[in-house]
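Observations on chain architecture
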Amino acid sequence: MLNSFPAWYRRVSTQPKSDIVAARWEAVKVVFANLRSSDVLDIVRLAGGRLPIRQELVENVNASLQEKDSAYPGGDRRMELAVIAGSVLALAMDKKDSRADAIALGLVCQASFRKEGLDAPPEFVDLARQHLTGVHQRPEGSPLSIPEVECPDASAPPGLPAQQQEFAKLCLSVRNLSQLLPRRLDIVHEHVEMLAWLMAMHSRDLDVPVASLPAGVRALVTGKELGDLVRVVPGPIARRGLLARALGDSSAVSVDMVDAVFNAPKEWRELFRGQDLLDLTPLTSCIAKSAEAGMNRKSLKAWAKSALSSSLGNTVAINASECIYLERLLAKASASSLG
Amino acid sequence: MTTPGGVSTDQSPATTETEVAESGLVARPQIQLGLSESMGQAEADTLLAAGPARLIVVAGAEECGKTTLLAALFDLFQVSPIAGVRFGGSRTLVGFERRCHGARIASDALRMTTPRTPISEGVRFLHLRVEVNGSPLRDLLISDISGELFRHVRDHASEAQKLAVVGRADHLAIVLDGRSLVDPAKRTTVVTDARVLVRSLVEEGTLEAATRLQLVVSKLDLLMAAGPQLEEQARTLVRVLERELKAMGFPSALHFVAARPDSPTPEIGFGYNLDGLLEAWVSRSSRYVTAPEQPKRAAPTSEFERLLAISDQDV
């Protein structure tokens with residue numbers, strides 16, 4: 001059991017009994033074991049106190065809970081489901097599951113611009129942030145280091161079995177290297193591209209100097225363009241530093257998100273169509289929606305509130321920039337690791 | 001069943017925003033009424049499991065005014081919203097009514113009274129559903145626990161497990177009896193008891209840092225009636241307690257209230273300052289706040305990471 005689970009579960013019980021906590025954890029393990037990639041984002045929604053798009057998922061989670069505790073009442077116990085779903089995701093991140101980056105991005109993106117009143121357990125968002133800042137990632141060491149090929153032992157005794165063993169070790173070492181090298185090269189490529197972009201500070205999408213854009217638009221454009229340059233999700237740990245450099249003096253400026261969206265050229269906003277994951281990428285969804293005919297500031301705000309349970313208000317430019325950046329990464333991670 | 005006034009008398013969930021939006025009606029939250037006396041832990045757990053709810057534990061000695069505070073809050077809601085907070089229903093209406101009855105003309109009592117909460121009831125909760133400035137309805141579970149139980153915990157730290165519910169509390173409101181605070185023979189005991197209670201709860205691991213503390217001085221009318229010198233001494237004692245709790249890692253907010261003054265005046269009327277307390281209870285709980293600061297990051301492994309991670313700190 002993850003050490004924090006009893007504390008997480010405390011949210012939904014005034015005085016939880018240890019056998020109930022143990023049964024709930026067993027259910028968490030079952031849900032994790034059966035977690036299909038296509039359900040990951042819906043589990044993220046559940047962890048955020050929302051209903052999943054695939055509604056049967058609630059029944060599946062309830063069935064797992066009832067399997068481990070026949071007295072579990074089931075039904076729409078939204079907060080308890082949020083804790084269970086969040087714990088499943090925490091377990092996936094803890095186990096360095098191949099989908100952990102997408103999970104972390106989903107949890108962080110979903111938490112931005114949340115409408116007041118939709119309280120959800122925040123511990124999982126904190127865990128996701130830790131994951132994205134590199135505390136739990138990069139088990140293989142520096143992204144730029146190349147491991148040495150394990151050479152055959154020259155002093156190995158003659159004879160076929162010993163030689164075969166040495167050859168097998170060499171093959172394994174070369175295979176690992178061949179898998180690692182493209183990733184390493186991608187990271188180097190990504191760093192070079194980002195540095196060149198940072199030096200030029202010329203918008204790739206709009207073909208104008210970034211400095212010529214109003215603060216709000218600059219925040220959106222830099223976040224999107226830096227996200228586009230990421231080749232290996234979840235990108236460099238210094239993302240806020242990169243964005244701060246890109247935004248310059250305007251990084252700490254407060255921007256009205258709706259104004260920022262509508263001040264951006266419509267052709268640019270149209271690039272976001274079909275790129276959103278609805279409520280998990282509130283900013284991307286709003287930008288895409290704003291490009292639709294007949295949308296104005298008021299109707300966009302109302303739509304965000306009703307369809308996304310999001311409240312688009314004022315925020316600091318760098319936070320808006322980071323938000324759109326992470327949403328781009330979530331879309332990439334979703335396409336690559338969630339199918 | 002729904003009355004023309006929008007009052008629902010059954011226990012079914014209120015109409016959801018989606019349903020309202022689909023029906024084309026103007027969103028207007030239904031008021032839920034309930035007929036329970038109070039809620040036990042199982043019912044409270046069901047409510048906590050269903051959605052976001054605030055759990056408030058009101059602590060204090062016998063007859064310090066804990067129950068009166070809750071009754072007055074309920075009575076205030078009968079008149080108008082309190083500090084932008086509207087009454088949205090309750091599953092324990094009967095319990096509230098019973099606690100309010102002694103203060104009503106219908107009781108034929110000569111003076112306003114509040115029934116004492118017996119220790120045999122253990123940990124019970126009253127429920128309020130409220131709407132805060134137009135946001136979705138929110139549940140408040142407010143404990144009604146006998147002062148005797150708090151005395152037991154204070155006297156024997158090992159008894160703190162009986163108050164394990166404090167470990168889930170979003171708010172712990174410690175009520176200090178204003179009448180005793182201006183009594184030179186009792187005032188030190190009042191403050192010491194509060195300090196010992198918090199210490200017992202902390203030592204037994206029952207009180208967590210995520211719980212917000214409020215020091216609620218009740219019966220402000222009696223405190224002020226004792227004269228400026230005694231009042232000032234009482235306020236000083238409370239401020240010292242506040243500093244001590246802060247030093248223990250539990251910063252608290254001070255509230256001077258008069259839930260049901262014996263002789264209301266234009267300055268101190270019925271439910272005086274309860275709005276501030278309610279506002280604190282419905283505000284965003286520290287249990288539902290994500291860490292605003294950037295979490296600890298891995299050590300940079302290249303100049304690319306190092307330079308930009310350092311510049312990040314300037315933002």
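Bear in mind the structure is a predicted one, so any value in this text is a computation, not a measurement. (Residues numbered from 1 in each chain as written. Chains lettered and ligands numbered in written order. Predicted model: local features only at pLDDT ≥ 70, side-chain atom pairs only at ≥ 80, totals over all residues. Heavy atoms only, no water.)

Before going further, it helps to examine the overall build of chain B. In terms of helices and strands, chain B carries 11 helices and nine strands. Residues counted as buried form 48% of the 315 residues belonging to chain B. Taking all contacts inside chain B whose residues are at least 6 apart in sequence as the whole, residues at least 24 apart take part in 74%. With an accessible surface of roughly 14,300 Å², chain B has 55% of that area assigned to carbon and sulfur atoms. (Helix = DSSP H or I, 4+ residues; strand = E, 2+ residues; numbered from the N terminus. Buried < 20%, exposed > 50% of the residue type's maximum accessible area, 1.4 Å probe, protein only. Contact = heavy atoms within 4.5 Å. Areas by Shrake-Rupley, 256 points an atom, 1.4 Å probe, with all protein chains shown as cover.)

This brings us to the packing of aromatic side chains. Taken as a whole and assessed by the stated rule, the structure comprises seven aromatic pairs over all chains. Taking 5.1 Å as the distance between ring centres and 55 degrees as the angle between the ring planes, the aromatic pair formed by F5 of chain A and W25 of chain A counts as tilted. Remark: W25 of chain A occurs in helix α2 (residues 18-33) and F5 of chain A occurs in helix α1 (residues 5-9); sequence separation between them is 20 residues. The interplanar angle of 45 degrees and the centroid separation of 5.9 Å between the aromatic rings of F77 of chain B and F87 of chain B together place this pair among those described as tilted. A residue pair is termed long-range when its members are at least 10 positions apart, and F77 of chain B in helix α3 (residues 66-79) and F87 of chain B in strand β4 (residues 85-90) qualify at 10 residues. Under the relative-accessibility criterion, F77 of chain B is labelled buried at 9%. One aromatic cluster in this structure is built from F74, F77, F87 and F96 of chain B. (Phe/Tyr/Trp six-rings, centres within 6.5 Å; stacked < 30°, edge-to-face > 60°.)

Attention shifts here to the nonpolar core. Core analysis: the biggest nonpolar cluster contains 100 residues, and L107 and L283 of chain A have the highest contact counts within it. In terms of residues, this core owes the most to one element, helix α5 (residues 78-94) of chain A, which gives 12 residues. Ignoring sequence-local partners within four residues, the contact set of L283 of chain A consists of F113, L220, M257, L312, A320, C323, I324 and E327 of chain A. Within the second largest apolar cluster, 45 residues are counted, among which are F125, L220, L245 and I268 of chain B. (Core = buried A, V, L, I, M, F, W, Y, C linked by side-chain atoms within 4.5 Å.)

Attention shifts here to the packing of helix α8 (residues 160-200) of chain A against helix α9 (residues 215-229) of chain A. Residues and elements named next belong to chain A. Close contact between α8 and α9 brings their axes to 9 Å; oriented N to C, the two are set at 150 degrees. Regarding the angle of α8 to α9, the classification is roughly antiparallel. The two elements α8 and α9 cross, and the hand of that crossing is right-handed. Residues E190, E193, M194 and W197 of α8 pack against T222, E225, L226 and L229 of α9. For the contact of α8 with α9, the class distribution of residues is four nonpolar, one polar and three charged. (Axes fitted to C-alpha atoms, helices over the stretch in contact; angles between N-to-C directions. Parallel < 35°, antiparallel > 145°, perpendicular 65-115°, else oblique. Left-handed = near helix turned anticlockwise from the far one by under 90°. Nonpolar A, V, L, I, M, F, W, Y, C, P; charged D, E, K, R; others polar.)

Now for the environment of V216 of chain B. All names here are of chain B. Tracing the backbone through its elements, the reader meets V216 in strand β8 (residues 212-217). When the C-alpha atoms of V216 and G65 are compared, they prove to be 9.9 Å apart, with 151 residues separating the residues in sequence. Excluding residues that lie within four positions of it along the chain, V216 makes contacts with L69, A173, I174, V175, L176, H255, V257 and L277.

All right, on to unusual backbone geometry then. If a residue is not glycine, its phi is most likely negative; likewise, a peptide bond is most likely trans. The residue after V233 of chain A, namely P234 of chain A, is reached through a cis peptide bond having omega 15 degrees. Among the secondary structure elements, P234 of chain A is positioned in the loop between α9 and α10 (239-247). Phi at D207 of chain A takes a positive value of approximately 55 degrees, unusual for a residue other than glycine. Position of D207 of chain A relative to the elements: it lies in the loop between α8 and α9. Of note, A83 of chain B is a non-glycine position whose phi angle comes to about 50 degrees, a positive value. On the basis of relative accessible area, A83 of chain B is assigned to the partly exposed category, the value being 36%.

Let's shift gears to α10 of chain A. Residue and element names in this part refer to chain A. Within α10, eight of the nine residues are buried, which leaves it mostly tucked inside the rest of the structure. Of the residues making up α10, those classed as buried are R239, R240, G241, L242, L243, A244, A246 and L247. Positive phi shows up at G248, right after α10, with a value of about 60 degrees.

Attention shifts here to the pairing of strand β3 (residues 53-60) of chain B. All names here are of chain B. Counting buried positions along β3 yields eight of eight residues, so the element is predominantly enclosed. Burial along β3 is two-sided: A53, L55, V57 and A59 and R54, I56, V58 and G60, pointing in opposite directions, are all buried. Bridge count for β3 against strand β6 (residues 138-144) is four bridges, and the pairing is parallel. Within the sheet, the bridge partner assigned to R54 lies in β6 and is L140. (Pairing = 2+ DSSP bridges.)

Once that is clear, we can look at the confidence of the model for chain B. Residue and element names in this part refer to chain B. Considering every residue of chain B, the mean pLDDT works out to 79; 76% of them sit at 70 or more. Here strand β1 (residues 7-8) stands out as the element of chain B with the lowest mean pLDDT, 38, in contrast to strand β7 (residues 171-176), whose mean of 94 is the highest. Counted against residues more than four places away or in other chains, residues 1-29, with its pLDDT under 50, gives 37 contacts. (pLDDT = per-residue confidence, 0-100.)

All right, on to the pattern of salt bridges then. All names here are of chain A. Tallying each qualifying case throughout the model produces 31 salt bridges over all chains. Among the salt bridges present, the one from K224 reaches D228, with a minimum N-O distance of 2.8 Å. On the criterion of helical spacing, the pair formed by K224 and D228 is a turn pair, its members being four residues apart in helix α9. On the basis of relative accessible area, K224 is assigned to the buried category, the value being 5%. As a salt-bridge pair, D259 and R297 come within 2.9 Å of each other at their nearest N and O atoms. Taken as a pair, D259 in helix α11 (residues 257-263) and R297 in helix α14 (residues 297-308) lie far apart in primary sequence, 38 residues in all. Each of R24, D69, R77 and E80 takes part in one network of salt bridges that share partners. (Salt bridge = Lys/Arg side-chain N within 4 Å of Asp/Glu carboxyl O.)

Residue and element names in this part refer to chain A. Taking 1.5 Å per residue as the helical rise, α8 with its 41 residues ought to reach 60 Å, and the 59 Å between its terminal C-alpha atoms agrees with that figure. Among the residues of α8, those classed as buried are A162, E166, S173, L177, L180, R184, I187, E190, H191, M194, W197 and L198. Of the residues flanking the end of α8, it is M201, one or two places downstream, whose phi is positive at about 50 degrees. (Expected span 1.5 Å × (residues − 1).)

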